[in-house]
Amino acid sequence: MRILIYTHAFPPMIGGIETITMELANNIARSADTAPDEAVQVTVVTPKAVAAANEGDLPFRIVRKPALVQLVSLIRATHILHVAGTDMLPLLLGWVLGKRMVVEHHGFQTACPNGQMIYEPRQAPCPGHYMAGNHLECLKCNAAGGTIHSLKRWLLTSPRRWLCARAQANIMPTAWLGTVLQLPKMLTIHHGLPAAAISIAPKIANPPSIVFLGRLVSTKGVHILLQAARQLVDCDFRLNIIGDGPERERLEADVKSLGLKDRVFFRGFLQANEAEQFLVDARAVVMPSLGGEVFGLVALENMLRKKVVIVSEIGALTEVIGDAGLAFPAGDSSALAGCLRRVLESADFSAKMGAKAVARANSLFTPKRMVDDHLALYRRVLDGAEATIAALDSFAVSRS
């Protein structure tokens, strides 16, 4: 079975798509070691030219920045074209060449022109203007980038959706995402990560620390977290913000105006081992997102660290944490403050919730489960059994 995975984002780039695509390709390629009767060949194709260190040691082939002729040849030769994302070029070539194609959705691009489900003028969750046919609202949403930019995003949404509808399967990392995208032949396959390998011994942090980890952009809701922190001046805590982005300067100004400069620390972008120094001692990790989350890999990573994960009530995030974390209405700083107070005032509660989190993560979100579900789907697609995809979807959802 020859599988071509096309991804616009791949290591050494850092992010959720990069992490999951590497995990998937690596484990599918290695699955031939445990099932020699089913040879699996994996090729990853990416338009990114910069190679990662030790790339030649991986058990699959990587083709970077191929010319159009080479890309056509690669797609023609594969049995399954797996598009990680909704990139137009591989989708179009797969359809023109009549290839069996599965699309793994890592964003909202088939239901939202900006791909984030955020209504930019108000910096609030989008109620679903595109799917409701309110296209003028979509054009207003992206107008800050200019009329041509806004029109281009809107115009691409429809053909992207049309091409995904012609794939043999549309893979959703959360069942909730399927309720938003509303595409045919959908099935849920949750992301999976290996158990956390923590090399740093935790210690009792004094004062207890809270961590935000992510890009500093408005959709991540860091300003909501700062407003919540302001309501906890009677508590002793430290808030470490790990990450960088265009909102940093404004957020630093907010810290000063809120009188939090002795409690909130911007650590900037950190390498994994540097970030671990702060995460290992954290009482909780907060994801106050206003939108843009289709799974929430940061949540899963920190569940595996036995951390209390506090998330906004966005469907994808609550689906991942289940009852093994805390949730609050998106944008509600007072509710978030209540969650933080509960964590800060009881180390025992935090420890029990952390144990519950790692148990859920190691049960539901493993690489083996992710790979087994993908291979089962590939076999059905190769057999021409698209009609059985609905049954596979029920199977995947029932186990969650």
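Anyway, here's the lowdown on the structure attached to this text. (Residues numbered from 1 in each chain as written. Predicted model: local features only at pLDDT ≥ 70, side-chain atom pairs only at ≥ 80, totals over all residues. Heavy atoms only, no water.)

Some remarks on the side chain of Glu293
In step 1: Along the chain, the position of Glu293 falls in the loop between strand 13 (282-287) and helix 10 (297-303).
In step 2: Assessed through its relative accessible area of 7%, Glu293 is described here as buried.
In step 3: A distance of 3.0 Å separates the side chain of Glu293 from the side chain of Lys220, its partner in a polar contact.
In step 4: Side-chain polar atoms of Glu293 contact the side chain of Ser289, separated by 2.8 Å. (Helix = DSSP H or I, 4+ residues; strand = E, 2+ residues; numbered from the N terminus. Buried < 20%, exposed > 50% of the residue type's maximum accessible area, 1.4 Å probe, protein only. Polar contact = N/O pair within 3.5 Å; in protein donor to acceptor, adjacent residues only side chain to side chain.)

Side note on the nonpolar core
When a protein is soluble and globular, its nonpolar side chains tend to lie buried together.
In step 1: Ranked by size, the top nonpolar core spans 55 residues in total, and within it Ile28, Val42, Phe60 and Tyr378 carry the most contacts.
In step 2: Counting residues in each nonpolar core, the second largest holds 35 residues, with Leu232, Leu239, Val264 and Val308 among its members. (Core = buried A, V, L, I, M, F, W, Y, C linked by side-chain atoms within 4.5 Å.)

Section: helix 7 (residues 222-230)
In step 1: Burial runs high along helix 7: 7 of the 9 residues are buried.
In step 2: Taken residue by residue, helix 7 has Val222, His223, Ile224, Leu225, Leu226, Ala228 and Ala229 as its buried positions.
In step 3: Those residues of helix 7 that are buried are in contact with strand 10 (209-213), strand 11 (238-242), helix 8 (248-257), strand 12 (264-268), strand 13 and helix 12 (333-344). (Contact = heavy atoms within 4.5 Å.)

Notes on a nonpolar patch on the surface
In step 1: Together, Leu92, Trp95, Val96 and Trp162 line one region of the surface with nonpolar side chains, adding up to about 400 Å² of accessible area.
In step 2: Among the structural elements, Leu92 can be located in helix 3 (residues 88-96). (Patch = residues over 30% accessible without salt bridge, like charges linked within 9 Å, V, L, I, M, F, W, Y side chains within 5 Å. Areas by Shrake-Rupley, 256 points an atom, 1.4 Å probe, with all protein chains shown as cover. Salt bridge = Lys/Arg side-chain N within 4 Å of Asp/Glu carboxyl O.)

Comments concerning the packing of helix 3 against helix 5 (residues 147-165)
In step 1: One can describe the packing of helix 3 onto helix 5 by two numbers: an axis separation of 10 Å at closest approach and a directional angle of 45°. Taken together, the axes of helix 3 and helix 5 are oblique relative to one another. Judged by the sense of rotation from one axis to the other, the crossing of helix 3 with helix 5 is left-handed. Across from Met88, Leu91, Leu92 and Trp95 in helix 3, the residues of helix 5 making contact are Leu156, Pro159, Arg160, Trp162, Leu163 and Cys164.
In step 2: Here the contact of helix 3 with helix 5 is built from residues that sort into 9 nonpolar, no polar and 1 charged. (Axes fitted to C-alpha atoms, helices over the stretch in contact; angles between N-to-C directions. Parallel < 35°, antiparallel > 145°, perpendicular 65-115°, else oblique. Left-handed = near helix turned anticlockwise from the far one by under 90°. Nonpolar A, V, L, I, M, F, W, Y, C, P; charged D, E, K, R; others polar.)

A look at the sheet that holds strand 15 (residues 326-328)
Strands pair in a sheet through their backbones, by hydrogen bonds, and they do so in one of two ways: parallel or antiparallel.
In step 1: Strand order in the open sheet formed by 6 strands is 12-11-10-13-14-15, with parallel pairing between adjacent strands. Sheet topology places strand 12 and strand 15 at the edges, where each strand pairs with a single neighbour. Across the sheet, the axes of successive neighbouring strands diverge by a mean angle of 25°, strand direction being ignored.
In step 2: In this fold helix 13 (residues 347-364) packs onto strand 13, strand 14 (308-312) and strand 15, with an angle of close to 85° to the strand it touches most, strand 14. (Pairing = 2+ DSSP bridges.)

Here we look at the pairing of strand 11
In step 1: Within strand 11, 4 of the 5 residues are buried, which leaves it mostly tucked inside the rest of the structure.
In step 2: Taken together, the 5 bridges between strand 10 and strand 11 define a ladder with parallel strand orientation. Across the sheet, residue Ile210 finds its bridge partner in strand 11, namely Leu239.
In step 3: Note that the unit made of strand 10, helix 7 and strand 11 has a crossover that is right-handed.
In step 4: Bridge count for strand 11 against strand 12 is 4 bridges, and the pairing is parallel. Looking at the pairing, Ile241 lines up with Phe266 of strand 12.
In step 5: Between strand 11 and its parallel partner strand 12, the chain crosses via helix 8, and the hand of that crossover is right-handed. (Right-handed = clockwise from strand over helix to strand, strands pointing away.)

Points about helix 2 (residues 68-77)
In step 1: For helix 2, the full list of buried residues reads Leu71, Val72, Leu74 and Ile75. One side of helix 2 holds all its buried residues, which, seen down the axis, span an arc of 165°. Exposed residues on helix 2 whose side chains face more than 90 degrees from its buried face are Val69 and Arg76.
In step 2: At its buried positions, helix 2 is contacted by strand 1 (2-7), strand 2 (41-46), strand 3 (61-64), strand 4 (80-84) and helix 3. (Arc of directions from axis to C-beta.)

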